[in-house]
Amino acid sequence: MAREEGRVYRSGQFSVAGGERRPIRMGYDAHLDGRAVVYRLARELPPEAADLMEIAAMAYAADRMVPRPSEGARLDGSGWGRRLWLQIPVRSPRSWNSVAERLAGFLGWLTHDDWDLDFCQLAGGAGPLDESQGFLFNTVPAGSAPALFSGDLDSALGLAHDLQDGDSIAISVHTNYCMQSVQRRVIRELTKDPARSCTHLQYRVSLHGHDRENSQRTRGLLFLAAGIATAWGLGQDRFRVFENGVGAINLPSLRSQYGPQATRSMHPRTLWLAEGLASAISGHPFRIESPFLRSTKAEALRSVPEIETSAIAATVSCDTGFATRVPGHIQCGACTSCLLRRQSLHAAGRPDADTETSYRTRSPAATDSLKAMVWQVERLRDALGKQDPWHGLVSEFPPILDVSPLAPTEVVRLYRAYVQEWDAVEHIFGLRRYDRSAA
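Residues numbered from 1 in each chain as written. Predicted model: local features only at pLDDT ≥ 70, side-chain atom pairs only at ≥ 80, totals over all residues. Heavy atoms only, no water.

When you look at the overall build of the protein chain in this model, what are you seeing that I'm missing?
If you tally the helices and strands in the protein chain, you get 17 helices and 11 strands. In the protein chain, which comprises 439 residues, the share counted as buried stands at 56%. Counting contacts in the protein chain only where the partners sit at least 6 residues apart, residues at least 24 apart contribute 78% of the total. If you sum the accessible surface of the protein chain, you get close to 18700 Å²; carbon and sulfur atoms cover 49% of it. (Helix = DSSP H or I, 4+ residues; strand = E, 2+ residues; numbered from the N terminus. Buried < 20%, exposed > 50% of the residue type's maximum accessible area, 1.4 Å probe, protein only. Contact = heavy atoms within 4.5 Å. Areas by Shrake-Rupley, 256 points an atom, 1.4 Å probe, with all protein chains shown as cover.)

For this particular structure, what's the right way to read the nonpolar core?
Note on soluble globular proteins: their nonpolar side chains tend to be buried together. Residues Leu103 and Leu224 are the most contacted members of the largest nonpolar core, which totals 71 residues. If near-sequence neighbours (up to four positions away) are discounted, Leu224 is found in contact with Phe106, Leu148, Phe239, Val241, Ser265, Met266, Thr270, Leu271, Ala274 and Ile288. In this structure, Leu157, Phe292, Ala300 and Leu345 belong to the second largest nonpolar core, which totals 35 residues. (Core = buried A, V, L, I, M, F, W, Y, C linked by side-chain atoms within 4.5 Å.)

How should I be thinking about helix 6 (residues 177-190) in this particular structure?
The α-helix advances 3.6 residues per turn, and as a result positions three or four apart in sequence lie on the same side. Between its terminal C-alpha atoms helix 6 stretches 20 Å, which fits the 20 Å expected from 14 residues at 1.5 Å a residue. All of the buried residues in helix 6 are Cys178, Met179, Gln180, Val182, Gln183, Val186, Ile187 and Leu190. The inward-facing, buried residues of helix 6 abut helix 5 (153-163), strand 8 (168-174), strand 9 (198-207), helix 7 (219-233) and helix 11 (309-314). (Expected span 1.5 Å × (residues − 1).)

How should the side chain of Ser215 be read in this particular structure?
Note that Ser215 resides in the loop between strand 9 and helix 7. Among the polar contacts listed, one links the side chain of Ser215 to the side chain of Arg68, at a separation of 3.1 Å. Setting aside anything within four residues of it in sequence, one finds Ser215 in contact with Arg68 and Trp80. (Polar contact = N/O pair within 3.5 Å; in protein donor to acceptor, adjacent residues only side chain to side chain.)

Got a minute to help me understand empty space enclosed by the protein in this structure?
If a probe the size of a water molecule is rolled over the atoms, the empty space left behind becomes visible. One pass over the full model with this rule turns up two cavities of 30 Å³ or more. For the largest cavity, the calculated volume is near 60 Å³. Forming the boundary of the largest cavity are Arg10, Ser11, Met26, Glu54, Met58, Ile88, Pro89, Leu122, Ala126, Gly127 and Pro128. Residue composition of the lining of the largest cavity, grouped by class: seven nonpolar, two polar and two charged. (1 Å grid on protein atoms, 1.4 Å probe; cavity = no way out; pocket = protein on both sides within 12 Å on 5 of 7 lines; lining within 4 Å. Points joined across faces, edges and corners; volume = space filled by probe spheres on them. Nonpolar A, V, L, I, M, F, W, Y, C, P; charged D, E, K, R; others polar.)

Quick question: what am I supposed to make of helix 16 (residues 408-425) here?
End to end, helix 16 covers 26 Å across 18 residues, agreeing with the expected 26 Å (1.5 Å per residue, within 8%). Turning to helix 16, its buried residues are Val411, Val412, Leu414, Tyr415, Ala417, Tyr418, Val419, Glu421, Trp422 and Val425. The elements touched by buried residues of helix 16 are helix 8 (245-249), helix 10 (297-302), helix 12 (336-347), helix 14 (368-384) and helix 15 (389-396).

So what exactly am I meant to see when it comes to the side chain of Ser172 here?
Along the chain, Ser172 falls in strand 8. There is a polar contact of 2.7 Å between the side chain of Ser172 and the side chain of His200.

Whenever I open this one, the pattern of salt bridges confuses me. Can you help?
Opposite charge on two side chains makes pairing possible when the charged atoms of those side chains draw close. Counted according to the given criterion, the structure contains 25 salt bridges. Residue Arg25 pairs with Asp29 through a salt bridge whose shortest N-O separation is 2.7 Å. Looking at Arg25, the relative accessible area reads 36%, which means it is partly exposed. In this structure, Arg82 engages Asp63 in a salt bridge whose closest nitrogen and oxygen atoms are separated by 2.6 Å. On the criterion of sequence distance, the pair formed by Arg82 in the loop between helix 2 (47-65) and strand 5 (83-90) and Asp63 in helix 2 is long-range, its members being 19 residues apart. Exposure class is identical for Arg82 and Asp63. Each is buried. Through salt bridges with shared partners, a single ionic network connects Asp63, Arg68, Arg82, Asp113 and Glu213. (Salt bridge = Lys/Arg side-chain N within 4 Å of Asp/Glu carboxyl O.)

Structure, rendered in C-alpha cells:
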C-alpha cells in the first residue's frame, strides 16, 4: 500500500482481508516495556534491535486483535489462516522494507496467515524502547552467552546447566504478571548457591483491553526477537534456546491438526528462519544454539542431574498455567505439555519432582489429551517398525520433512527413544495395554 514520502508516524496500523485500517498505538493498544533490559545494559538497544522488538510486539498485537474464522467457516481446514496487512513505524524503513518479504514468510510459517508488511518512518523518540534517561553503569557480565528463559522445565534445565560453568544471562518475555512471577521464582531456585550468578533481562508485552484470538502463534517471533535484539545489545552474534527435540518439532497428535495448529515457536525451521532474518538485517552471520534439539525431554533432564527438585517443581510447562490466573500458578496436569513433562520426569528417574509439583488433575487417564498422545506414540511405533523407519515417519507424519538441520538418522533415534520412554512409564497414568487401541 502506498505511503506519502517524507511522513513520520508515531503508531502503526493494521487491517484484515482488505478491511478498514485500524491503529495499533504502542503505549495504549499494546505495551512493550524494555526498561529493565536497557537499564541493566546501561545503554539503548541498537536501532535495528529496538526495531525488531517493536515489530514483533506489533505483530503479536495484530495477531491477538484479529479473531480467526469460526469452526463453521473452516471445516475443510483451509480457512484457519487470515490475510493481515500491518504498517509498522521503524527507525530504518529502507532496511526493513528490503527484508519485508522474508519477514512476512517467517510470520506465515509461524501463523498460517498471509502477511503484507509495510514499514514507514518512526517519529524521533516515539518508539517504546527509546530511552532519554542517562545510564549509570553496565551490570551485565561480559562474555556470558545469553539464553532465552521462559520459566518452563526445558529452559530451567538449560539455565541450570549453564550456571555450572559460570555467570549466565537469561532473556525473558512475559505477557502477564503470573508469568513474570514464575520466571523470577525459578531463577531464585536456580541461584540459591551464592557462587551462581544470573542476570535476568525481562521484557513485558501486553495488550490493552480484551484480546480476541487465543492461538498466539506470533509468540515465537516475540521470544526470538527478544533473544536476537538483546544479543545485539550485548555485542554478540548468538544466543541459546533450550527446547527438547520432541517438543520443538511438535508433531500433530491428531490427523485433524494441520500446519501451525501445532505451535512452531521453537521448531528447527523456525530457528533457521530467525537466524536468516537476523543475519540479513545485521549483515553478519547470526547463530541460535539449541543444545537439547537432538534429545527427548527425559534425556535433557538426565543431562542436568544436579538440578534440585524444588527448582523443577517451580517451573510451569502447562498450556494454561499462565492464563488461568489460578492462585499459586497451579498447572492443569492433563494438557499435552503437562503430560510430556510428567512422562519425562518419570522416564528420567525424577518422580520426586512430579510428586512435588502441584497439578489440578493428578489422574488424567480418561482425558482426550492423553488418548491423543498415546495414539501418536502408537503411530510412531508403527512407523519406526517399517523396513525404512525414516520413510515410515515421513509417510505417517509428513511435517517431519521440515526438521532440517536434523538428519534423518537423528530424527529416527530421537523418536525411538521417546517411544521407549513411554513404554517404561505409561503405567503412571493408569494406562493398560489395551488402552492403546482405544486411543
